Amino acid sequence: MTDAVRTEPTNPLPDSTRTMWLCDALVGALLLVGAAFGLATAVGELMPWLPLATAACGLAYVAVVPRARYRRWRWALGEEELDLVHGVWTVTRTIVPITRIQHVSVERTGWTDAFGLVRLHVHTAAGTTTIPGLERAQADDTRDKILARLRTPDDL
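Residue positions are given per chain, counted from 1 along the sequence in the order it is written. Residues qualify for local features only when their pLDDT is at least 70, as the model is predicted, and side-chain atom pairs are given and counted only at 80 or more; totals for whole chains, interfaces and linings, by contrast, use all residues. Excluding hydrogens and water, the side-chain values take into account all heavy atoms of the structure.

Student: Would you mind showing me how to read a nonpolar patch on the surface here?
Tutor: The patch calculation keeps residues exceeding 30% relative accessible area without a salt bridge and links them within 9 Å when they carry like charges or within 5 Å when they are nonpolar (Val, Leu, Ile, Met, Phe, Trp, Tyr). Surface exposure here means Shrake-Rupley accessible area, sampled with a 1.4 Å probe, where a residue is shielded only by the protein chains that are shown. Here a salt bridge means any side-chain nitrogen of Lys or Arg lying within 4 Å of a carboxyl oxygen belonging to Asp or Glu. A cluster of nonpolar side chains, V27, L31 and W111, forms an exposed patch at the surface whose accessible area comes to about 290 Å². In this text, helices come from DSSP runs of H or I with a minimum length of four residues, and strands from runs of E with a minimum of two, each type numbered from the N-terminal end. For L31, the position within the fold is in helix α1 (residues 15-42).

Student: Sorry if this is basic, but what is going on with the pattern of salt bridges here?
Tutor: One side chain can pair with another of opposite charge once the charged atoms of both are near each other. Overall, the coordinates contain 11 salt bridges when judged by the stated rule. E107 is paired through a salt bridge with R119; the nearest N and O atoms lie 4.0 Å apart. You can see E107 sitting in strand β5 (residues 101-107) and its partner R119 sitting in strand β6 (residues 117-124), a full 12 residues away along the chain. Buried means the residue's accessible area, taken with a 1.4 Å probe over protein chains only, is under 20% of the maximum for its type, while exposed means over 50%, and partly exposed covers the values in between. Given the relative accessible area of 29%, E107 is considered partly exposed. Among the salt bridges present, the one from D140 reaches R136, with a minimum N-O distance of 3.3 Å.

Student: Please clarify how the packing of α1 against helix α2 (residues 50-72) should be interpreted in this entry.
Tutor: Two quantities define a packed helix pair, namely the angle between the helix axes and the distance between the axes. Orientation is described by lines fitted to C-alpha atoms, with helices fitted over the stretch in contact, and by angles between N-to-C directions that extend from 0 to 180 degrees. Look at α1 against α2: their axes get within 9 Å of each other, and the N-to-C directions meet at 165°. With respect to each other, α1 and α2 are oriented roughly antiparallel. When you trace α1 past α2, the crossing you get is right-handed. Broken down by class, the residue content of the contact of α1 with α2 amounts to 18 nonpolar, 2 polar and 4 charged. Roughly parallel here means an angle under 35 degrees, roughly antiparallel means over 145, roughly perpendicular means 65 to 115, and every remaining angle is called oblique. Put simply, a crossing is left-handed when the front helix is turned counterclockwise from the back one by less than a right angle, and right-handed when it is turned clockwise. Under the grouping applied here, Gly and all other residues not named as nonpolar or charged are polar, the nonpolar ones being Ala, Val, Leu, Ile, Met, Phe, Trp, Tyr, Cys and Pro and the charged ones Asp, Glu, Lys and Arg.

Student: Got a minute to help me understand the packing of aromatic side chains in this structure?
Tutor: For any two aromatic rings, the description comes down to two numbers: the centre-to-centre distance and the angle of the planes. Think of it this way: a Phe, Tyr or Trp ring, Trp meaning its six-membered ring, pairs with another when their centres are within 6.5 Å, and the plane angle makes it stacked under 30 degrees, edge-to-face over 60, tilted otherwise. Applying the stated criterion to the full structure yields 1 aromatic pair. Ring centres of W111 and F115 lie 5.2 Å apart, and the angle between their planes is 65°; on these two criteria the pair is classed as edge-to-face. In this analysis the charged atom, NZ for Lys or CZ for Arg, is taken to sit over a ring once it is within 6 Å of the ring centre and within 35 degrees of the ring normal. The aromatic ring of Y70 is capped on one face by R18, whose charged end is 4.7 Å from the ring centroid.

Student: Sorry if this is basic, but what is going on with the pairing of strand β3 (residues 81-86) here?
Tutor: Remark: a regular strand shows side chains that alternate across the two faces of the sheet. Counting buried residues in β3 gives 5 out of 6 residues, a clear majority hidden from the surface. Of the pairings in the sheet, the one linking strand β2 (residues 74-77) to β3 comprises 4 bridges and is antiparallel in character. Paired with L77 across the two strands is L82, which belongs to β3. Here, strands pair whenever DSSP counts at least two bridges between them. Hairpin connection of β2 to β3: 3 residues between the antiparallel strands. Summarising the sheet, β3 and strand β4 (residues 92-97) pair through 6 bridges and their orientation is antiparallel. From the neighbouring strand, E81 faces β4, where its bridge partner is P97. The turn joining β3 and β4, which pair antiparallel and follow one another in sequence, is formed by 5 residues; a positive phi near 135° is taken by G87.

Laid out in structure tokens, this is it:
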């Protein structure tokens with residue numbers, strides 16, 4: 001007897017998630033370049049190349065990682081589980097059984113609000129699993145579907 005192979009989830013994150021990740025990466029790269037410039041200024045003769053090298057690495061990171069991360073991120077809510085696939089260099093697939101979920105939370109921050117997004121956190125005894133960027137209505141709908149499935153009585 002062979003089990004059917006699970007298909008990977010197909011729901012992508014909204015396009016604004018990619019934009020948010022690009023901005024995250026850009027802000028991080030600019031902060032690193034600023035720190036490298038400050039260090040190179042303080043120790044001038046030892047590291048005149050440091051800001052340029054940091055800027056080049058930061059630009060490469062901004063150009064590659066957020067787009068690759070967005071392309072890989074997929075999720076699906078099935079009848080019995082929440083299925084997530086994500087990663088850039090290492091791809092991780094997480095399947096959270098609905099019966100193991102203890103509670104669900106939707107997180108809004110000033111940063112995510114700027115992009116019209118929220119984060120959906122699913123909490124189990126083993127830890128928290130997060131969908132990092134959903135539109136508010138989609139996150140609320142997903143949360144409500146999970147909670148409705150949790151309220152379904154178990155078959156004995």
